[in-house]
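Examination of the molecular architecture
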Amino acid sequence: MTKKLISGVHHTCLKCKDEKAFKKAVDFYKNLLGFEVFKDFDFNGKPAIMLKCGDGIIEIFSDAGVDLPTGIIQHFALKTEDADACAKAIKDAGYKVTLEPQDLVLADKKAPFPVRVAFCIGPVGEIIELFCERLI
């Protein structure tokens, strides 16, 4: 048996243009969505932070210097028990919800996988999926 080299995903990184965008991103994830500060540090003399929610971490840097385009990673999904409440809070805070909450059944090969999802655009242009697993 091959040794398991990876035990999970540690974090997702957001690279902000400057400290103003950094503060907006930190406010969104910490104050609006309730992530907790895991590590607060400087990187290359600029503020950086890791915010934790459950087993997930979002790392945010403030040193990009320019707005970065969306790269090869399409989106990241945040686990929630209430996609509707999350989408409402995000919309009420002035952010764009690009897909209102909807129920889907993913056609898993073993058994149907019902979910409720929504999509929004975060404070520095990141695409966020709000993902709620549902019971049959």
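Structure's up top.
Attention here is on the structure that accompanies the text. Here the structure is a predicted model, which means the values were calculated and not measured.

1. With respect to the sheet that holds strand E1 (residues 12–15)
The mixed open sheet is built from 4 strands, whose spatial order is E1-E4-E3-E2. Of all strands in the sheet, those bounded by a partner on one side alone are E1 and strand E2 (36–43). With strand direction ignored, the average angle separating the axes of adjacent strands in the sheet is 20°. Two strands pair when backbone bridges link them, and strand E3 (residues 46–53) and strand E4 (residues 56–61) are joined in this way by 6 bridges, in the antiparallel orientation. Directly across from Lys 52, in E4, lies its bridge partner Ile 57. Here helix H1 (residues 19–32) sits on the sheet and contacts E1, E2, E3 and E4; the angle it forms with E3, its principal contact strand, is near 15°.

2. So, the packing of aromatic side chains
Counting across every chain of the model gives 7 aromatic pairs. Relative to Tyr 29, the ring of Phe 28 has its centre 4.8 Å away and its plane inclined at 80°; by these criteria the two rings are edge-to-face. Residue class for Tyr 29 comes out buried when judged on its relative accessible area of 0%. Above the plane of the ring of Phe 61 lies Lys 15, whose end atom (NZ or CZ) is 4.9 Å from the centre. In this structure, Lys 52 is placed above the aromatic ring of Phe 38, and the distance from its NZ or CZ to the ring centre is 5.0 Å.

3. What about the state of the cysteines?
Chemically, a disulfide is nothing more than a covalent bond linking the sulfur atoms of two cysteines. Using the criterion set out here, one finds 0 disulfides in the structure. Of all cysteine sulfurs in the structure, the one in Cys 13 sits closest to Cys 16, which takes part in no disulfide; the separation is 8.7 Å. Judged by relative accessible area, Cys 16 falls into the buried class, the value being 1%.

4. Some words on the pairing of strand E8 (residues 127–133)
For a regular strand, the rule is simple: side chains alternate between the two faces of the sheet. Among the 7 residues of E8, 5 are classified as buried, and the element is accordingly described as predominantly covered. When strand E5 (residues 76–79) meets E8, the two strands line up parallel, connected through 4 bridges. Across the sheet, Ala 77 pairs through a bridge with Glu 129, a residue of E8. Pairing of strand E7 (residues 113–121) with E8, which is carried by 7 bridges, proceeds in the antiparallel orientation. Bridge pairing links Val 117 to Phe 131 in E8. Where E7 folds back on E8, the antiparallel hairpin that results is connected by 5 residues, among which Gly 125 adopts a positive phi of roughly 90°.

5. Remarks on the sheet that holds E5
Whenever strands of a sheet pair, they do so through backbone hydrogen bonds, lying parallel or antiparallel. Read from one edge to the other, the open sheet built from 4 strands follows the order E5-E8-E7-E6, with strand pairing classed as mixed. For this open sheet the edge positions go to E5 and strand E6 (97–106), each flanked by a neighbour on one side alone. On average, each strand axis in the sheet is inclined to that of its neighbour by 25°, with strand direction left out of account. Sheet topology note: the E6/E7 ladder contains 7 bridges and is antiparallel. Within E7, the residue paired with Leu 104 across the bridge is Val 115. Packed on one face of the sheet, helix H2 (residues 83–92) meets E6, E7 and E8 and runs near 170° to E6.

6. Describing the pairing of E7
With respect to burial, E7 is a largely interior element, 7 of its 9 residues being buried. Here E6 folds back onto E7, and the loop between the two strands holds 6 residues.

What counts, and at which threshold
- Per chain, residue numbering runs from 1 following the sequence as it is written.
- Local features in this predicted model are restricted to residues whose pLDDT is 70 or higher, and side-chain atom pairs enter the listing and the counts only when it is 80 or higher, whereas totals over whole chains, interfaces and linings include all residues.
- Hydrogens and water molecules were not included; the side-chain quantities draw on all heavy atoms of the structure.
- We call two strands paired when DSSP finds no fewer than two bridges between them.
- Helix numbers and strand numbers start at the N terminus; a helix is a DSSP run of H or I with at least 4 residues, a strand a run of E with at least 2.
- Inter-axis angles, ranging from 0 to 180 degrees, are taken between N-to-C directions of lines fitted to C-alpha atoms, where helices are fitted over the stretch in contact.
- Note on contacts: a residue pair qualifies if any of its non-hydrogen atoms lie within 4.5 Å across the two residues.
- Between 30 and 60 degrees the pair is tilted, below 30 it is stacked and above 60 it is edge-to-face, where a pair is any two Phe, Tyr or Trp rings, Trp via its six-membered ring, whose centres lie within 6.5 Å.
- Here the term buried applies to any residue with accessible area under 20% of the maximum for its type, exposed to any over 50%, and partly exposed to those in between, with areas from a 1.4 Å probe on protein chains only.
- Here, a charge over a ring is recorded when the distance from Lys NZ or Arg CZ to the ring centre is within 6 Å and its angle to the ring normal is within 35 degrees.
- For this text, the term disulfide refers to a pair of cysteine sulfurs within 2.5 Å.

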